[in-house]
Every structure is written in structure tokens, then in C-alpha cells.
Amino acid sequence: MNPSVRHGTGGSGAEVYCGEVQKQCFQKCWRRKPTVKDLEKHSEGHHRLCTSQCLEAFMKCIKEQEALEQQGAKRELRFPDMAVALDWLREHKSEVALGTVVVVAGVAFSLAVAPAGLLVLSPI
């Protein structure tokens, strides 16, 4: 991997991606006991707490994606085969930006968001 190559983003895909981050954050928060002592699990206060915390996560994600977009150039990742690429992407999904070019065994893909909010490798 070339360390001088930077991240790129895929425009409105960032909102879809960050929306999925927010949704997963809320589901995780809602399943757990509230971090505030006096709140009961699944109470209105718990709902407000999760909503607030996950809105912050969404906004942070959007800012990170915008910062990556402002860096300009697309980042290119290279892998010898699809299994290695998918394993690496699963472990580092929070580190890569939408629109990143992923080259697998000489074939180029772009990191994109599917309608369900899942990260996918789309052929270029």
C-alpha cells in the first residue's frame, strides 16, 4: 500500500453511511442498560439519551467524511485476492472512506454504500 495515497469520499453516500452508523449506534445503546444511573432501560429518558448520543456519532461521522473529501485525492488499496480484501475491509471499515479505490488481483472496485447502508465493493 502506498502511504502517500489519501482517502476520497463518494458524495451523498457519506450521509447514507453515517445514517447507518447512527442506526447501529441507537440499536446498541437501546439494548444496553443506560449509562445514567437514574434512567430505566427502555424508558423515555433512555430513548432521549440514545438519540442524543447517536446524533453526536452521526455528526462526527459526517465531519470525518467531509474532512476526507477535502483531502481531494482518492485512496487506493491493493490486495492479492478478494478474501484478503474482504477480511481487511471488515476489520478496518471505520478507517476507509466512501469512494476509495480497491484493486483486487488487478481488478478495480470502488467502496460504496448499498441501499441498506452496507459497504460494498462496486466494480469500476
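Structural data are supplied above this passage.
This one's a predicted model, so the numbers in the text were calculated from it and none came from an experiment.

Details of the packing of aromatic side chains
- For the structure shown, the criterion picks out two aromatic pairs.
- Ring geometry for Phe 26 against Trp 30: centres 5.8 Å apart, planes inclined by 15°, an arrangement best described as stacked. Of this pair, Phe 26 and Trp 30 are both found in helix H1 (residues 13–31), four residues apart, which corresponds to roughly one turn of the helix.
- Using a relative accessible area of 22% as the deciding quantity, one classes Phe 26 as partly exposed.
- Overall, Trp 30 belongs to the partly exposed group, its relative accessible area being 25%.
- Seen from their ring centres, Phe 79 and Trp 88 are 5.7 Å apart, and the 50° between their planes marks the pair as tilted.
- The buried category is assigned to Phe 79, whose relative accessible area is 9%.
- Under the relative-accessibility criterion, Trp 88 is labelled buried at 18%.

Describing unusual backbone geometry
- Positive phi outside glycine occurs at His 42, with the angle close to 65°.
- Looking at the secondary structure, you find His 42 in the loop between H1 and helix H2 (44–70).
- Since its relative accessible area comes to 45%, His 42 is described here as partly exposed.
- For Ala 105, which is not a glycine, the phi torsion comes out positive at approximately 50°.
- Turning to its location among the elements, Ala 105 is positioned in the loop between strand S2 (101–104) and strand S3 (107–113).
- Overall, Ala 105 belongs to the exposed group, its relative accessible area being 57%.

Conventions adopted
Residues numbered from 1 in each chain as written. Predicted model: local features only at pLDDT ≥ 70, side-chain atom pairs only at ≥ 80, totals over all residues. Heavy atoms only, no water. Phe/Tyr/Trp six-rings, centres within 6.5 Å; stacked < 30°, edge-to-face > 60°. Helix = DSSP H or I, 4+ residues; strand = E, 2+ residues; numbered from the N terminus. Buried < 20%, exposed > 50% of the residue type's maximum accessible area, 1.4 Å probe, protein only.

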